[in-house]
Amino acid sequence: MLDIKFIREHPELVKDGIRKKGAEDNIDEVIKLDAQRRDLLQRVEVLKNKRNVVSEEIGKLKRDKKDASVSIAQMDEVKIQIKSLDDQIAENEKNLNQLLLTIPNIPHPSVPGGRMPVDNQEIAKWGEPPVIDFKPKPHWEIAQELDIIDFERGVKITGAGFPLYKGKGAQLQRALINFFLDEALKRGYKEVQPPLMVNAESATGTGQLPDKEDLMYVATKDDLYLVPTAEVPVTNIHRNEILKEDQLPIKYCAYTPCFRREAGSYGKDVRGLNRLHQFDKVELVKFVHPGLSYNELEGLREDAELLLQKLSLHYHTLLMCAGDMGFTQSKKYDLEVWSIGQQRWLEVSSISIFEAFQSRRMNIRFRPRGEGKPEFVHTLNGSGLALPRVVAAILEHYQTPEGKVIVPKVLHKYTGFEVIG
RNA sequence: GGAGAGGUGUCUGAGUGGUUGAAAGAGCCGGUCUCGAAAACCGGUGUGCUCUUUAUGGGUAUCCAGGGUUCGAAUCCCUGCCUCUCCGCCA
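Within every chain, residues take consecutive numbers counted from 1 along the sequence as written. Written order determines the labels here, with chains lettered from A and ligands numbered from 1. Where local features are concerned, this predicted model is filtered to residues with pLDDT of at least 70; where side-chain atom pairs are given and counted, the filter is 80 or more; whole-chain, interface and lining totals use all residues. Side-chain metrics rest on all non-hydrogen atoms present in the structure, leaving aside hydrogens and water.

Draft legend 1. Highlighting the sheet that holds strand 7 (residues 224-226). When DSSP finds at least two bridges between two strands, those strands are taken to pair. Counting from the N terminus, the helices are DSSP H or I runs at least four residues long and the strands are E runs at least two residues long. In space, the three strands of this open sheet follow the order 5-7-6, with antiparallel pairing throughout. Since the sheet does not close on itself, it has two edges, and those belong to strand 5 (197-198) and strand 6 (218-219), each with one partner. In this structure, strand 5 lies alongside strand 7, joined through two bridges in antiparallel fashion. Its bridge partner being in strand 7, M197 is matched across the sheet by L226.

Draft legend 2. Broad picture of the domain arrangement of chain A. Each domain span listed reflects an automatic or database assignment of domains. Domains assigned within chain A are domain 1 (4-100) and domain 2 (117-420). Computed from C-alpha atoms alone, the centre-to-centre distance between domain 1 and domain 2 is 44 Å.

Draft legend 3. Here's a closer look at the protein's contact with RNA strand B. For RNA strand B, the set of nearby residues contains 25 residues, the closest of which are R37, E45, N49, R365 and R367. Considering RNA strand B, the proportion of its atoms within 4 Å of the protein that are sugar or phosphate atoms stands at 76%. R51 places a side-chain nitrogen or oxygen 3.4 Å from a phosphate oxygen of RNA strand B. No other element matches the 14 residues that helix 3 (residues 27-63) contributes to the surface near RNA strand B. Its residues assigned to classes, the surface near RNA strand B comprises five nonpolar, five polar and 15 charged. A single heavy atom is enough: if one lies within 4 Å of a molecule or strand, its residue is considered near that molecule or strand. The definition of a polar contact used here is a pair of N or O atoms within 3.5 Å, where within protein one atom must be able to donate a hydrogen and the other to accept one, and adjacent residues in sequence count solely through side-chain atom pairs. Three classes are used: nonpolar for Ala, Val, Leu, Ile, Met, Phe, Trp, Tyr, Cys and Pro, charged for Asp, Glu, Lys and Arg, and polar for all others, with Gly counted as polar.

Draft legend 4. Highlighting the pattern of salt bridges. One speaks of a salt bridge when a side-chain nitrogen belonging to Lys or Arg is within 4 Å of a carboxyl oxygen belonging to Asp or Glu. Inspection of every chain in the model, using the stated rule, returns 25 salt bridges. Linking K186 and E183 is a salt bridge whose minimum nitrogen-to-oxygen distance equals 2.9 Å. Linking K186 with E183, this pair stays in helix 7 (residues 168-186), spanning three residues, or about one helical turn. Note on exposure labels: buried denotes an accessible area under 20% of the residue type's maximum, exposed denotes more than 50%, and partly exposed covers the range between, all computed with a 1.4 Å probe on protein chains only. Residue classification places K186 among the exposed residues on the basis of a relative accessible area of 61%. Within the structure, one salt-bridge network assembled from shared partners comprises R8, D34, R37, R38 and E93.

Draft legend 5. Spotlight on the sheet that holds strand 14 (residues 364-367). Spatial ordering of the open sheet is given by 8-14-15, a layout of three strands whose pairing is mixed. Bordering the open sheet on either side are strand 8 (241-244) and strand 15 (375-376), each of which pairs with just one other strand. As paired elements, strand 8 and strand 14 share four bridges and run parallel to each other. Bridge pairing links L243 to F366 in strand 14.

Following this line, the structure appears as structure tokens:
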């Protein structure tokens, strides 16, 4: 969430930022509640001070075996007033907090305006589409012919969007996961294996709750949520902690399955591996010093891009416009890999900075060296990478006229085979 | 699943209704000493909110969380969460 003091002092700036994201702003209501809250606080604190002072006097009287009944009687009214004001404050803070949790992060000045995909800026392009003299097939045809991904049986077992990987398909997945993790380790990330279910507090911390609950699978009996991304459990590792400045930056990588309900799409968008309810991903998460966070964003983008480069896949990098960013982000890059079989770009990584938006929700701070109050860290994360569309791109990019698939060289030591089919 | 014990500051750990924001020790910061370091000694050292004449300022809250009793709660009561020990079950 945003800093209430910042909202109080820069209401127009915040309203403008929210508008750029295409969201509705209720800043006036926030400011009204905030003013009300501070007024109530002042009034109750005067009374509480009186209570403390008089109680101490009563204590002294009792110790001296003197009569304290006058002072005690005097507190009756004060007690009632405190109770009443405390109730009002609790109500006010509940409303204010609910409101603050639904206010999106505002975009960084370097983020382009606009709401539509065409407003995203292509800032880099790497590699070339493969040169082939036959008609490339989409990955779902290749996968079916090679019998490495079984969509039908996935439907039988669970439902649409839950593919069954088989044989070299399963092995390719495992190879990619290991490759991604190893590369992250080389780049200084520490590997973690987080829980795959999280509680409501964690989901609120990263911004999935309160109002994006429909994106997640919920175990209602235990009030737990299946992780939609490792971002949620990994960023929550340091919830309610004060870190030492020397510890920063903290860099984690984690492989997890991801579960997303994502209702609504159809047709070519959800064909094959394009959009799934369960998929694998290696996620990179950073906790950094606020002064360095935008440099760290570029570093994170490079970490992710390097993976596509090593796989020799053609991709481009987009700087996302304000309206195409999520609720929590202040700046975001997307990496899209070229799908030659579908003749379209597929998003395989999303690299974002949240500034203190998440850390304020989660209360993650660091203590500056020497003197100084704790400050909120900045959090970032990026996919490094999401598997299914990378698999799709590999199958299509490396297909041969005979219907086989050449495994990218960098994966050989992980797969143990060089050709599928 | 059954029985018991317990959750105090960065850590260890006192404290069972009235100068307790909280003893003591450790750690950390500053200083003295030293060529320097260690040791020793001296001083300081939580966090949130809020007010103002923004200051080595005032108030308030905070001893797992949420309620309650009381003039007054770390201390008493209730609920929840978590940890530990024993038994049972188990990959």
